[in-house]
Structure formats: structure tokens, C-alpha cells
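In case you want the letters, here they are:
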Amino acid sequence: MAGFSKQELLDVYYEMVLIRRFEERSLDLYKEKKIGGVYLHLYNGQEATGVGSIRALKPQDHVITAYRDHGVAISKGVDPNRVMAEMFGKRTGTSGGKGGSMHIADRTHNFWGGYAIVGGHLPLAAGIALKSKYRGEDEVTLSFIGDGATNNGYFHESLNLSAVWDLPVIWLIENNLYGMGTAVEHASGQVELHKRAESYGMKDFGRVDGQDVEAVYKLCVKARDYAVKNGPCLIEAMTYRYEGHGVSDRLFSTRTEEMAFWETKDPIILLKARILETDANQAKTLEDLESQAEAKVEEAVKFAEESPAPDYNDLIANVYA
Ligand SMILES: Cc1ncc(C[n+]2csc(CCOP(=O)(O)OP(=O)(O)O)c2C)c(N)n1
Ligand SMILES: [Mg+2]
């Protein structure tokens, strides 16, 4: 199948740089205590998996993920200003400032969050897909899954039920080699996580290089087409995060050799090299896109800083108990 056009390659480059800069800036803001909370889970390194897979979707399709959600939200079209404002705990944030980093959600973009309980969003993904199937709509749900989440009960129940009911879900495992500090081989008997598909009787689309945005895109186009016609399928994207599990993960910085290897597979650098290989004249365009991404992030920070905090009425709004 066809890959990205010349323009799409530039659009994808911009989006991945925007996410990387957004995350780098968020880390600084966390250290400055402008972003609160115990955790901040960054997406640096995993951009190609999020951007490539979401590009393969149609606007009416649904996306849901865990707590490593900023980049996924931005890729699904959620306004970076509102994502940043949410992390600042401001009223203009996607959840009115009440959710924070792990709970970005925006129904207007069919982006359903943002969940802190490992695997807790997987039954919700199945539920969204059940709605699409029940109403006969041309929609799929793309559910991101951490490698660590493949070992809890939600994973089993959700994947099994999706297969029993032929639900239109793409289950996309982001295998970044670790669940917090635990390596996949210490947590999973079967380390090729995509092979779990077999036990649920669902289509196994295998492993994909999660650092290659075009490879992820192409496979997910096939997966979307399959899921909408036939039911669920499973993909395992091999990727890596360039930061610790969360901001307070100190162990991570000891993995210097592994990091050096994965830095040679930086999805942004790889895409840049690819673009320049086919057209060296694009160097200036790429630089401009990088500046635009930085400006967009600064705009988001300014928006968040200048936004009002929630007041008492916001505090008691949407509370059902
Ligand atoms: C049910 C549950 N158990 C444990 C935790 C603590 N916890 C938070 S993140 C995490 C690791 C998950 O790793 P993975 O699914 O691979 O996602 P990644 O952080 O690598 O994106 C754990 C065990 C939790 N939030 N929820
Ligand atoms: Mg993981």
C-alpha cells in the first residue's frame, strides 16, 4: 500500500516534533512546580507509534489510552493549549483542571482518555466498540495498551469479549520494554506479546517497528480496514521511552547502554533523515516546522499560565455523589 505523500511526511514530522517539545517543556514546568501531581508520564521516544497509528484512523474513530496520554491526545486533535491547561490544573483544561496529566480527555475529538489504573481503560475500549457495532457505524476504536497491562485481568476479559462479539477494536500494545522498572521478560512468559491474539482467536498483525512512523501507519491502515469488517485485531509496536516511567523514576538513568542504542532509533531523527535523503532542499522547511512547534508549545504554556483556576462552583460541578 502507499505510504505518506511528501506533504504528509512534513505534517507527521511537525506533529512528532510538537509532541516531543511539549513533553520536554512539561518536564521543565514540572520541575518548576507549575505542573503539579506525583507523576508525569512522558511520551518522548514513542511518538511514531502514536502518530502513525492515529493517522491511519478516520475522524469518527475513537482512541483511548492509559496515563501516558499527552502525545496521544495531541495526535488525535486535542488542542495543546487545553492539554497544557489541564496539567496546570486550570479551568480551561480538557477536564476543567480536575484531572491533570493522567486524565486528558476530549469527547469532541473522540479521545476518551487518559486512565491511571493499569488496564482499566480496556473494558471501556470494548464498550465503545460495542456501541459502534450495535449501531452499525463505520467506526473503530484504537486502544493503546502498555506491555505491563497485558498481564492483568482487564486485558484478558476485554480482549476475550471483543473476540466473542467481533468488536471493531485495534488493540495496540506499546511494548516499551518495561512496566515501571520491570522488564517484559520478568513479567511475561510469552515475551512476543502479539502472540496473545492466538489464544483469543483474533487476528494477529504481528510486531511492527514502533520507531518507524510510516511502518506503523501502513500496518494500522490494514488493521482499521480489517477491524471494521471483521472484528478485533492485535498489534505489538516495539518502542522505547527516553525518560523514566514517571518523573520520579531514578533507576532509569542507569540504563546508559540501552539508551544509547535506542537513541539511534529516535523516530524524529529517523524521519528527518528520510525526508532529507529524498530531498535535501527540505532542510529549511524542517527547521521552520521545528520553530513552529516550539512556538505552539510556548503558546500553550502562556494560555495555561493566564487561564483562571477552577472556582468553588467548578469544584462541585459534575460530581454525582
Ligand atoms: C491496577 C494497577 N496496578 C498497578 C499500578 C501501578 N502502576 C502504574 S504504571 C505501572 C506500569 C505499567 O506499565 P505499562 O503497562 O508497560 O505502561 P508504560 O508505563 O510502560 O507506558 C504500574 C504497575 C496501577 N496504576 N494500576
Ligand atoms: Mg511499558
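Right, let's walk through the structure included here.

### Things to note about the nonpolar core
The biggest cluster of nonpolar side chains holds 80 residues, and the ones touching the most others in it are Met16, Val169, Ile170, Leu172 and Ile235. Beyond its immediate sequence surroundings of up to four residues, Ile235 is in contact with Ile170, Leu172, Ile173, His194, Phe205, Val208, Leu219 and Ala223.

### As for the pairing of strand β7 (residues 233-238)
With five of six residues buried, β7 lies mostly within the body of the structure. As judged from the six bridges shared by strand β3 (residues 169-175) and β7, these two strands associate in the parallel manner. Bridge assignment links Glu174 to a residue of β7, and that residue is Ala237. The handedness of the strand β6 (residues 203-209) to β7 crossover, carried by helix α9 (residues 213-230), is right-handed.

### Focus: the site of ligand 1
Surrounding ligand 1, one finds 13 residues, the nearest of these being Val118, Gly146, Gly148, Ala149 and Gly179. Counted by class, the shell around ligand 1 contains six nonpolar, five polar and two charged residues.

### As for the sheet that holds strand β1 (residues 62-64)
Pairing within the open sheet is parallel, and its five strands lie in the order β1-β2-β3-β7-β6. Both outer strands of the open sheet, β1 and β6, are each paired with one neighbouring strand and no more. Averaged over all adjacent pairs, the angle separating strand axes in this sheet is 20°, with direction ignored. Direction of pairing for β6 relative to β7: parallel, over a ladder of five bridges. Within β7, the position partnered with Val208 by the bridge is Ala237.

### Here's the deal with the packing of helix α1 (residues 6-31) against helix α2 (residues 47-55)
Where α1 contacts α2, the axes come no closer than 10 Å and their chain directions differ by 135°. Put simply, α1 runs oblique to α2. The element α1 and its partner α2 pack so that their crossing is right-handed. Taking contact as the criterion, the partners of Val12, Glu15, Met16, Ile19 and Arg20 in α1 are, on α2, Glu47, Ala48, Val51 and Arg55. Tallied by class, the residues present in the contact of α1 with α2 amount to five nonpolar, no polar and four charged.

About the cut-offs
Residues numbered from 1 in each chain as written. Chains lettered and ligands numbered in written order. Predicted model: local features only at pLDDT ≥ 70, side-chain atom pairs only at ≥ 80, totals over all residues. Core = buried A, V, L, I, M, F, W, Y, C linked by C-beta atoms within 7 Å. Buried ≥ 20, exposed ≤ 12 C-beta atoms within 10 Å, placed from the backbone. Contact = placed C-beta atoms within 7 Å. Helix = DSSP H or I, 4+ residues; strand = E, 2+ residues; numbered from the N terminus. Pairing = 2+ DSSP bridges. Right-handed = clockwise from strand over helix to strand, strands pointing away. Near = placed C-beta within 6 Å. Nonpolar A, V, L, I, M, F, W, Y, C, P; charged D, E, K, R; others polar. Axes fitted to C-alpha atoms, helices over the stretch in contact; angles between N-to-C directions. Parallel < 35°, antiparallel > 145°, perpendicular 65-115°, else oblique. Left-handed = near helix turned anticlockwise from the far one by under 90°.

On their own, these measurements won't tell you what the molecule is for.
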